[in-house]
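# A look at the structure
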Amino acid sequence: MTTSSIFRFTTLSVCLFSAINAWAGVDGYASLNGGTTGGEGGDVVYATTGTEINQAMCNRSSDDTPLTIYVTGTINHDNTEQASGSCNTRGDAIQFKGVSNISLIGQGEALFDEIGIHIRDASNIIIRNVHVRNVKKSGSPISNGGDAIGLEKNVHNIWIDHNELEASGGEKDGYDSLIDMKATTQYVTVSYNYLHHSGRGGLIGSSDNDTENTYITFHHNRYENIDSRLPLLRHGTVHAFNNYYAHVSKSGMNPRIGGQIKAENNVFNDVQNPIGTFYTDDMGYWDLSGNQFNDVTWLDNSTNHPAGPDPVSTTSITIPYQYTLDETDCVQSIVLATAGTQNDYAVSDGKCATSTRTEESNETADDTSSSNSDTSDSSSDTSSSDDSASIDVSGETNLSIGAGSDGDGKGMGSYGSVRDGDSTTLWAPKGSTGTVSIKWKTAQTINAVVIREADDYSGNITSWQLTNNDTDEVIASGTSTGVITFDAVSLKKVNFTILSSKGTPTVAEFETYFIQ
């Protein structure tokens, strides 16, 4: 199989992303009603086209078989065709219809260009780390009614996390909303997204008669250069906390006809009518605390009923889940550092700082710093796998099992995959070079390492170094992977640095040993 073929609809019967809910810790209403785990525990598929995404859904054994789809590259109308089989896919949108238990995860730059994501009659879906732009409802090409992400008709337990959504204008330019929820959409969390340059942010309830949309959480999202609907809410209940709003030209949170919003510790900069009931006399309600209003305008007229200029609550809302509020003064900096794609899923730590929400954050190892590898040729006495292929490590204790791991970035897979004893799981850097590390709480003595590349990428690593992270000393270097032996060294963290590669470099297993 070639390097690229693994991206051409290859299903791996492994759980490369098995801990998606456990390690990522979905907050908000999506944590209720049974929780939201997406494709946890299921097969993993890699896709570079919309057709491959559709095929992945259609090739499941049933419509609720757990599945994680990793997406790389640009998805557009040219590479998206409806898949055949007992599934409800489309050629003009990425549609999750009549399905459940799916995660759609972008790797590196995963761009959905002029093609929207449609969730209908579906549950337990996670959308993460994708960039959706310029989805049109009029003009050419059209997709998804002009919504970047649209949820409708009996949809529940959805998590939209760490995405970027944008349009190049408003309705007159052919666009609709960034996120719309209607026709009974419930138990949704929208977190750490960057939404910008759109006429409409999104609505919850498409008409006054659309009454069953409710229990939506928005937190740590970044909204910039949007006209209105942040969100427009009819009838339901929304919790909005620690969001950042900037340059909103018409209106922000707009509960109406009985809709109610609990708004806590949000920051509004250069916003007209941040909160209130607008464009109707059918009032909604708000429960306000800790919000910060900077350079805002409160426009009150016959159809605008703003909460300000001296905002006070008009209802009291009890939130049925636990959550941690950032202090308002920290919100802008936290959101700017964490919202959007390609940031290793950075999140707030609840203490006015950020952390990277990866599976390694729950490990027992106490060294969480990135690798500090010296990539210069500073050692004259190194051994490489080229000279050590005859060493047999079978029967020896792999010290990586139960250890911790981290690195300097992930383009594919996870750091934990290199120490799980499963050669079908993998880690890959974002580019052609990168570092992955094994670490322990107390110093370990090792004199051998085995680097196993993933089968479909075997031989792609063409130059590497092994370094002692404690001292920056180069322990070994070489041009091919396999068994690496060296003089015994005591350390708490060892780094494997890929210096060059052909194609995608991968590490399936990073084994460490002390051989007597």
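See the structure printed just above.
Residues numbered from 1 in each chain as written. Predicted model: local features only at pLDDT ≥ 70, side-chain atom pairs only at ≥ 80, totals over all residues. Heavy atoms only, no water.

### Details of helix H2 (residues 50–58)
Threshold: When a residue's accessible area, from a 1.4 Å probe over protein chains only, is under 20% of the maximum for its type it is buried; when over 50% it is exposed; and in between it is partly exposed. Here a strand is any run of E in DSSP of at least two residues, a helix any run of H or I of at least four, and the numbering for each starts at the N terminus.
With eight of its nine residues buried, H2 lies for the most part within the structure. Of the positions making up H2, those classed as buried are Gly50, Thr51, Glu52, Ile53, Asn54, Ala56, Met57 and Cys58.

### Thoughts on the environment of alanine 403
Basically, it comes down to this: In this analysis, two residues are considered to be in contact whenever any of their non-hydrogen atoms come within 4.5 Å of each other.
Topologically, alanine 403 is positioned in the loop between strand E29 (354–356) and strand E30 (404–407). Judged by its relative accessible area of 9%, alanine 403 falls in the buried class. Measuring from C-alpha to C-alpha, the distance between alanine 403 and isoleucine 438 comes to 6.7 Å, with 35 residues separating the pair along the chain. Once you skip the residues sitting within four places of it in the chain, alanine 403 turns out to touch Arg419, Ile438, Lys439 and Trp440.

### Quick notes on the side chain of asparagine 144
How we decide: Counted as a polar contact is a pair of N or O atoms within 3.5 Å, where, for protein atoms, one must be capable of donating a hydrogen and the other of accepting one, and residues adjacent in sequence contribute only when both atoms are in side chains.
Mapping asparagine 144 onto the fold places it in the loop between strand E8 (131–133) and strand E9 (149–152). Within the structure, the side chain of asparagine 144 is placed 2.8 Å from the backbone oxygen of aspartate 147, a separation counted as a polar contact. If sequence neighbours within four positions are ignored, asparagine 144 has contacts with Arg90, Asp92, Ala93, Gly116, Ile117, His118, Val135, Ile149 and Gly150.

### Let's talk about the nonpolar core
Put simply, the rule is: Only buried Ala, Val, Leu, Ile, Met, Phe, Trp, Tyr and Cys residues count toward a nonpolar core, and they belong to the same one when joined by side-chain atoms within 4.5 Å.
Within the largest apolar cluster, 59 residues are counted, with the highest numbers of intra-cluster contacts made by Ile53, Ile69, Phe96, Phe112, Ile117, Ile119 and Leu151. With residues near it in sequence (within four places) discarded, phenylalanine 112 still touches Ile53, Val71, Ile75, Ile94, Leu104, Ile117, Val130, His131, Val132 and Arg133. In terms of nonpolar packing, the next biggest core, distinct from the first, is built from 24 residues, Val418, Leu491, Val494 and Val507 among them.

### What to know about the pairing of strand E2 (residues 43–47)
In plain terms, the rule: Two strands qualify as a pair provided DSSP detects at least 2 bridges between them. By the criterion used throughout, a crossover qualifies as right-handed when its path from the first strand across the helix to the second strand runs clockwise, the strands pointing away from the viewer.
Most of E2 sits out of view: four of its five residues are buried. Of the strand pairs in this sheet, E2 and strand E3 (residues 67–75) are connected by five bridges, and their pairing is parallel. Directly across from valine 44, in E3, lies its bridge partner threonine 68. Read as a crossover between parallel neighbours, the route from E2 over H2 to E3 is right-handed.

### Remarks on the pairing of E30
Of the two faces of E30, both are covered, the one formed by Gly404 and Asp406 as well as the one formed by Ser405 and Gly407. Bridge analysis of E30 against strand E33 (residues 434–452) gives four bridges, and the strand direction is antiparallel. Across the sheet, glycine 404 pairs through a bridge with lysine 439, a residue of E33.

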